Amino acid sequence: MRFSKAYILFFGLLFAAFAVVFNTFPRSTYSELEKRELAAFPTFTPEKLADGSFTNAVSSWFSDSEPFRDHFMSLSMHIKDLIRLQTGEEHITFHASTDGPVSDPEPEEAPVIAEEPEKADSAYNYENHVTADENAKIANAGIIIVGSGEKVRALMAFGGTGRGCTGYAMAANKYKDTFPDVNVYCMVIPTAVEYYCPEKVRKRTNPQRPTIDNVIRHLSPDVKPVDVYATLGEHADEDIFLRTDHHWAPLGAYYAAEKFAEVAGVPFRDLSSYDRKVVHGYVGSMYGYSQDIAVKNAPEDFVYYVPRDVTYTTTYINYTIDDEYRVIGMGKPYKSVFFYRYKDGSGGAYCTFMGSDTKITCVRTSTKNGRRLMILKDSFGNAIPGYLFYSFEEIHVIDSRYFTKNMVDYVHENHITDILFANNIFKAYSRQTYAKYLRFLTQTNGIQKPLKQHADSNAQHRDSIPVAKAPAKSAAPADSAATL
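The numbers attached to residues start from 1 for each chain and follow its sequence in the written order. pLDDT decides what is reported in this predicted model: residues at 70 or higher carry local features, side-chain atom pairs at 80 or more are listed and counted, and totals for whole chains, interfaces and linings draw on all residues regardless. To obtain the side-chain values, all non-hydrogen atoms of the structure were used and water was disregarded.

> I'm lost on the pairing of strand S16 (residues 372-377) in this one. Help?
Side chains on a regular strand alternate between the two faces of the sheet. With 6 of its 6 residues buried, S16 lies for the most part within the structure. Think of it in three bands: with a 1.4 Å probe and only protein chains considered, a residue is buried below 20% of the maximum accessible area for its type, exposed above 50%, and partly exposed in between. Numbering of helices and strands starts at the N terminus; helices are DSSP runs of H or I of at least 4 residues and strands are runs of E of at least 2. The two faces of S16 match: Arg372, Met374 and Leu376 on one face and Leu373, Ile375 and Lys377 on the other face are all buried. Here a strand pair is declared whenever DSSP counts at least two bridges between the two strands. The sheet contact formed by S16 and strand S17 (residues 394-399) spans 6 bridges and is parallel. Within the sheet, the bridge partner assigned to Met374 lies in S17 and is His396. As defined by bridge partners, S16 adjoins strand S18 (residues 418-424) across 5 bridges and the pair is classed as parallel. Along S18, the bridge assignment pairs Ile375 with Leu420.

Listed below in structure tokens is the structure:
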């Protein structure tokens, strides 16, 4: 009886303590772990109260902004790390999505990559350089954690099929039709899971080679494929992909740029012409998305390369986006550095290249050969331009999510001679990417004309599954002010 009373008293006090903490302590407003702003208390209106949206929003705010959120999440991760089951000596852990059926799919039933919602397609997370649509794909496809200790690697499972990415090829073909005198190239960047996934769990991810081959098969004879699949495979024993981030490492981008230069027939310098720079203690995007403490406990070096013996100036035009992730303004051109410097331990080190995605970048170099390159890319493409300063006299960098000018006018006004599509396979698989690239050809001052759906693009997405709502936009990293 005494034991029962003590038991009841203990849990009563524990419940009271939690009630005090969760109801009276300051609410969390930003999650460093998840790299996002947390839900804010909703604005009250009689209409919202009547339709129930106000009370739903209050509930979401209460659960999303609990005091000490990151501390509780970290504690939960530590506990899970202690009690989780490991699959043998290879130390493989699965983090299946709660948004899709990826518990144990057979290869032919693996979920395909979902189309991103329009709102998510424009969201940008500055701290880890993770776009919200990429976040949706990470969460949807599931994450595989491989290894233990300081060699832990987080991998994004791929759910696409060999019939996908046709629309990406069609976009490249359309650009060649529109600009017959311009060299057009198409690169699909494979991801780390293709090279580092243990054989015993290969069924968790679909092969990427068939998808890349499908793109190449659908390219017009006048569009030049830049097939970096084998190139990266030849260097897989080097640090060509980041272990704690969904991006490739700058070294991987170097080998891809070398292959592109070969296809384009332009000069290229090896790494002896570059200064090696290091950001120590880097933990990238996959920690927040996997919520696996093993990733945090395995920081890595973020190594990048700055060219010597070539002069260059970098001009930016920044876009302003609103709370709905729409482009609402465009700044005036200004000059700044191409390589931003981050402190050791910063989670934003991948933003070393150009600082962010929400801008147009133009680099003018001392290389005078009449070749002017435009790169159409996602965040993987950010690491490529710095290796091409010896190859082109101008390099224009345009993100697939942020461009409000008319592409035909832009190409002609800037005398572009070469256009490179450079997107990772997840992004290339998205119908949104195909649609945005086509809109660029017809839009006027940011006003987009209606785009007809194309049957070849729709067909590859018939099996797509919905994705979760993307996290809120976060602020720019505070430690990015220092530059080279």
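This is not the end of the story, as more comes after the structure.
> What's the story with helix H10 (residues 250-264) in this structure? I'm lost.
Side chains that are three or four residues apart share a direction in an α-helix, a result of its 3.6 residues per turn. With 15 residues, H10 extends 20 Å from end C-alpha to end C-alpha; this agrees with the ideal 21 Å at 1.5 Å per step. For H10, the buried fraction is high: 11 of the 15 residues fall into the buried class. For H10, the complete set of buried residues consists of Pro250, Leu251, Gly252, Ala253, Tyr254, Tyr255, Ala256, Ala257, Phe260, Ala261 and Ala264. In what follows, a contact means two residues having at least one pair of non-hydrogen atoms within 4.5 Å. As for H10, its buried residues are in contact with strand S8 (183-189), helix H9 (229-234), strand S11 (300-307), S16 and S18. At the C-terminal side of H10, Gly265 shows a positive phi close to 70°. To estimate how far a helix should reach, multiply one less than its number of residues by 1.5 Å.

> Mind showing me how you'd approach the layout of surface pockets here?
Unoccupied space between atoms shows up once a probe the size of one water molecule is rolled over them. In this structure, the second largest pocket occupies an estimated 400 Å³ of space. As for the second largest pocket, its lining consists of 17 residues, and the residues nearest its centre are Lys151, Asp239, Arg243, Glu300 and Asp301. Secondary structure elements with two or more residues in the lining of the second largest pocket: H10 and S11. For the lining of the second largest pocket, the leading source of residues is S11, giving 4 residues. A breakdown of the residues in the lining of the second largest pocket according to their chemical character gives 8 nonpolar, no polar and 9 charged. In this analysis, the protein atoms alone were mapped onto a 1 Å grid. Cavities are point sets where a 1.4 Å probe fits without being able to get out; pockets are open sets with protein on both sides within 12 Å along at least five of seven lines; lining residues have an atom within 4 Å of a point. Grid points are joined across faces, edges and corners, and a volume is the space filled by probe spheres set on the points. For this scheme, ten residues count as nonpolar: Ala, Val, Leu, Ile, Met, Phe, Trp, Tyr, Cys and Pro. Four count as charged, namely Asp, Glu, Lys and Arg, and the remainder, Gly too, count as polar.

> Explanation requested: the packing of helix H6 (residues 166-178) against helix H15 (residues 431-442) in the structure shown.
Working note: a packed helix pair is described by the angle between its axes plus the distance between those axes. Think of each axis as a best-fit line through the C-alpha atoms, taken over the contacting stretch in the case of a helix, with angles from 0 to 180 degrees between the N-to-C directions. Running from amino to carboxyl end, H6 crosses H15 at an angle of 15°, the nearest separation of the two axes being 8 Å. Overall, the two elements H6 and H15 adopt an arrangement that is roughly parallel. For H6 against H15, the interelement crossing comes out left-handed. For the pair formed by H6 and H15, the contact residues are Gly167, Tyr168, Met170, Ala171, Lys174, Tyr175 and Thr178 on the first element and Thr433, Tyr434, Tyr437, Leu438, Phe440 and Leu441 on the second. By the definition adopted for this analysis, an angle is roughly parallel if under 35 degrees, roughly antiparallel if over 145, roughly perpendicular if from 65 to 115, and oblique otherwise. Crossing handedness: left-handed means the near helix sits turned counterclockwise from the far one by under a right angle, and right-handed means the same turn made clockwise.

> I would appreciate a short explanation of the confidence of the model for the protein chain in the present structure.
Residues shown with low pLDDT carry predicted positions that ought not to be read at fine detail. Confidence scores per residue from the predictor, reported as pLDDT, run from 0 to 100. Averaged over every residue, the pLDDT of the protein chain is 78; the share at 70 or more is 67%. Considering only residues more than four positions removed or in separate chains, one finds that residues 97-140, a stretch of pLDDT under 50, has 159 contacts. Ignoring residues within four places in sequence, the model shows residues 448-484, a span with pLDDT below 50, making 94 contacts including any to other chains.

> Would you mind showing me how to read the pattern of salt bridges here?
Should their charged atoms come close, side chains of opposite charge can pair. Throughout this description, the term salt bridge denotes a Lys or Arg side-chain nitrogen within 4 Å of a carboxyl oxygen of Asp or Glu. In the structure shown here, the tally under the stated rule is 13 salt bridges. Among the ionic pairs, Arg401 bridges to Asp357, the shortest N-O distance being 3.3 Å. With a gap of 44 residues between them, Arg401 in the loop between S17 and helix H13 (407-413) and Asp357 in the loop between strand S14 (334-336) and strand S15 (359-365) connect regions that are remote in the sequence. Assessed through its relative accessible area of 4%, Arg401 is described here as buried. A relative accessible area of 1% places Asp357 in the buried class. Measuring nitrogen to oxygen at the nearest pair gives 3.9 Å for the salt bridge that ties Arg372 to Glu394. Taken together, the residues span a long stretch of sequence, with Arg372 in strand S16 and Glu394 in strand S17 at a distance of 22 residues. No difference in accessibility class separates Arg372 from Glu394, as the two residues are buried.

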